[in-house]
Amino acid sequence: VSAPESLSANKQSGFNSLADVVATARAGKVFLGSPGIGSGSHIAAEYFFKSLARAEVKHIPFAGGAPAMLGVIAGDVNVLATTATGGTLRNLQNGEVTAVGIAAKQRASVLPNAPTFAEAGYAGFEASSWAGFFAPAGTPAAVIEKLNAEINAILRERSEEHTSELQSR
């Protein structure tokens, strides 16, 4: 599975677009939260700000995605870099934080109002995190088939739960 990285802002920050964030970062006034030092979100955001936007941010690492989201909601940081999954999607969809950018080729169907970085003038900037399942070489085919069936059943169940949750809003 793969999910794009996103940049979101505290509702009271006054940031409504990526341009707002970049202009404020160039003035040295952006406190960037992430799920942790060296996380994919942290690395993608640092690359974006330093190499593409040519702006400095003060990185504030949190101990995971949930604490980082709470930090941006509470205003401990004014911007959050995180993967657009689970809790992040819920907080963006329910308006607790403002989506200022998604690092994907096109807008996400679950976040149609979140502009891509390309739409904000940073063509070609894409970043995502991914996860997969692996087994040692030589694992018997029957074991692989059983694992595959169970993992797919769980993924279908979670997908149905997520779809149901989105439809109920």
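Residues numbered from 1 in each chain as written. Predicted model: local features only at pLDDT ≥ 70, side-chain atom pairs only at ≥ 80, totals over all residues. Heavy atoms only, no water.

Student: When you look at the environment of Ser51 in this model, what are you seeing that I'm missing?
Tutor: Structurally, the position occupied by Ser51 is in helix H2 (residues 40-52). Residue Ser51 is classed as partly exposed on the basis of its relative accessible area of 34%. The sequence separation of Ser51 and Phe117 amounts to 66 residues, and the corresponding C-alpha distance is 14 Å. (Helix = DSSP H or I, 4+ residues; strand = E, 2+ residues; numbered from the N terminus. Buried < 20%, exposed > 50% of the residue type's maximum accessible area, 1.4 Å probe, protein only.)

Student: Hey, could you run me through the environment of Pro4 in this one?
Tutor: In this fold, Pro4 is placed in strand E1 (residues 2-10). Residues Pro4 and Trp130 lie 126 residues apart in sequence; the distance between their C-alpha atoms is 8.8 Å.

Student: In this structure, what is going on with the environment of Phe125? I would like to understand it.
Tutor: With respect to the element layout, Phe125 can be found in the loop between strand E5 (97-102) and strand E6 (128-130). Sequence separation between Phe125 and Tyr47 is 78 residues; the distance between their C-alpha atoms is 9.7 Å. Other than its neighbours up to four places away in sequence, Phe125 contacts Ala44, Tyr47, Phe48, Leu52, Ala103 and Phe117. (Contact = heavy atoms within 4.5 Å.)

Student: For this particular structure, what's the right way to read the pattern of salt bridges?
Tutor: If charged atoms from side chains of opposite charge come close, those side chains can pair. A complete count under the given rule lists 3 salt bridges for this structure. Two residues, Lys50 and Glu46, come together in a salt bridge whose shortest N-O distance is 3.4 Å. You can see Lys50 and its partner Glu46 sitting in helix H2, 4 residues apart, about one turn around the helix. Using a relative accessible area of 44% as the deciding quantity, one classes Lys50 as partly exposed. Note that Glu150 is salt-bridged to Lys146, the shortest N-O span being 3.1 Å. Residue Glu150 and its partner Lys146 are located together in helix H5 (residues 141-167), separated by 4 residues, close to a single helical turn. Residue class for Glu150 comes out partly exposed when judged on its relative accessible area of 40%. (Salt bridge = Lys/Arg side-chain N within 4 Å of Asp/Glu carboxyl O.)

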